[in-house]
Amino acid sequence: MVPVSFFYVFNLTFFGTLMCYPIIHFLDNQIRLREYFDYLEDIMIHVASIFGLECIGRIEGKRGIWTKSTKGTPDKKVGSVGISVRHWVAAHGFALNVTTDLSYFDHIVACGLENAKATSIEAEAKERGLQEQVTMERAVQGVSETFCRKFHKVQVTEETMTTEQLANYVSSFE
């Protein structure tokens, strides 16, 4: 079993974005930073596939996951990866647009990528005529299941903590 301190999941229902903040000690888990980014992208790709949406990741200069264009190139961004590492402890993780109100992206440049268009699993499923109903509950379940597979069946718990509690926990590794 790989030791993972928390599996911290936020459900931002106002935005419809699933935020996942695993807190992992890199040295204890013998994992490299790039490998961890790949794992997080793989988890999001799998969750999108639960709803019938094929996505791609590991694109140089465009971390996160993207829908595929008809040419097989990245098209629209579905999920973002961003972590903070302090004293070999990873905090933050990823944001996956599940049922996100995409109108908010009309007012920002997401991830600093000028020409990137944001989308959600729900919007793409509707546009492509996919039959699977997109729900936040199923996405959270998919993230938990996939995280366990990726990290060798770790014990996963969903916890709620304040920002101050999270900061105190991370600083305890100093």
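The rules behind each value
- Residues numbered from 1 in each chain as written.
- Predicted model: local features only at pLDDT ≥ 70, side-chain atom pairs only at ≥ 80, totals over all residues.
- Heavy atoms only, no water.
- Helix = DSSP H or I, 4+ residues; strand = E, 2+ residues; numbered from the N terminus.
- Buried < 20%, exposed > 50% of the residue type's maximum accessible area, 1.4 Å probe, protein only.
- Lys, Arg positive; Asp, Glu negative; His and termini not counted.
- Salt bridge = Lys/Arg side-chain N within 4 Å of Asp/Glu carboxyl O.
- Contact = heavy atoms within 4.5 Å.
- Expected span 1.5 Å × (residues − 1).
- Core = buried A, V, L, I, M, F, W, Y, C linked by side-chain atoms within 4.5 Å.
- Phe/Tyr/Trp six-rings, centres within 6.5 Å; stacked < 30°, edge-to-face > 60°.
- Lys NZ or Arg CZ within 6 Å of the ring centre and 35° of its normal.

Caption draft 1: The side chain of K77, seen in detail. Turning to its location among the elements, K77 is positioned in strand β5 (residues 74-86). Lacking a salt bridge, the buried K77 has E41 as its closest oppositely charged neighbour, with an N-O distance of 7.5 Å. When sequence neighbours within four positions are dropped, the list of residues in contact with K77 reads R63, G64, I65, W66, N97, C111, L113, K117, A118 and T119.

Caption draft 2: Geometry of helix α2 (residues 33-50). For α2, built from 18 residues, the straight-helix expectation of 26 Å at 1.5 Å per residue is met to within 8% by its first-to-last C-alpha distance of 26 Å. Judged by how many residues are buried, α2 sits mostly within the fold: 13 of 18 residues are covered. The first or second residue beyond α2 is G52, which carries a positive phi of 90°.

Caption draft 3: Looking closely at the nonpolar core. With 34 residues, the main nonpolar core has L18, Y36, F94, L96 and I121 as its most contacted residues. Elements with a minimum of two residues in this core: β2 (17-25), α2, β5, β6 (89-97), α3 (121-128) and α4 (136-150). Considering every element that reaches this core, the biggest residue donor is α2, with 10 residues. Residue contacts for F94: discarding those within four places in its chain leaves L18, M19, C20, L40, I43, M44, S80, V81 and V143.

Caption draft 4: Layout of the packing of aromatic side chains. Considering all chains together, one arrives at one aromatic pair under this definition. Centroid distance F26 to Y36: 5.4 Å. Interplanar angle 85°. Geometry classified as edge-to-face. Within this pair, whereas F26 is found in helix α1 (residues 26-29), its partner Y36 is found in helix α2, the two being separated by 10 residues in sequence. The class for Y36 is buried, based on a relative accessible area of 0%. Positioned above the aromatic ring of W66, the side-chain terminus of K62 is 5.4 Å from the ring centre.

Caption draft 5: Focus on the pattern of salt bridges. In this structure the tally under the stated criterion is 10 salt bridges. R63 is paired through a salt bridge with E41; the nearest N and O atoms lie 2.9 Å apart. Within this pair, whereas R63 is found in the loop between β3 (55-56) and β4 (65-68), its partner E41 is found in helix α2, the two being separated by 22 residues in sequence. In this structure, E127 engages K76 in a salt bridge whose closest nitrogen and oxygen atoms are separated by 3.3 Å. Here E127, found in helix α3, pairs with K76, found in strand β5; they are 51 residues apart in sequence, far enough to count as distant. Classification of K76 as buried rests on a relative accessible area of 13%. Here the salt bridges do not stand alone but share partners, grouping D38, E41, D42, R58 and R63 into one network.

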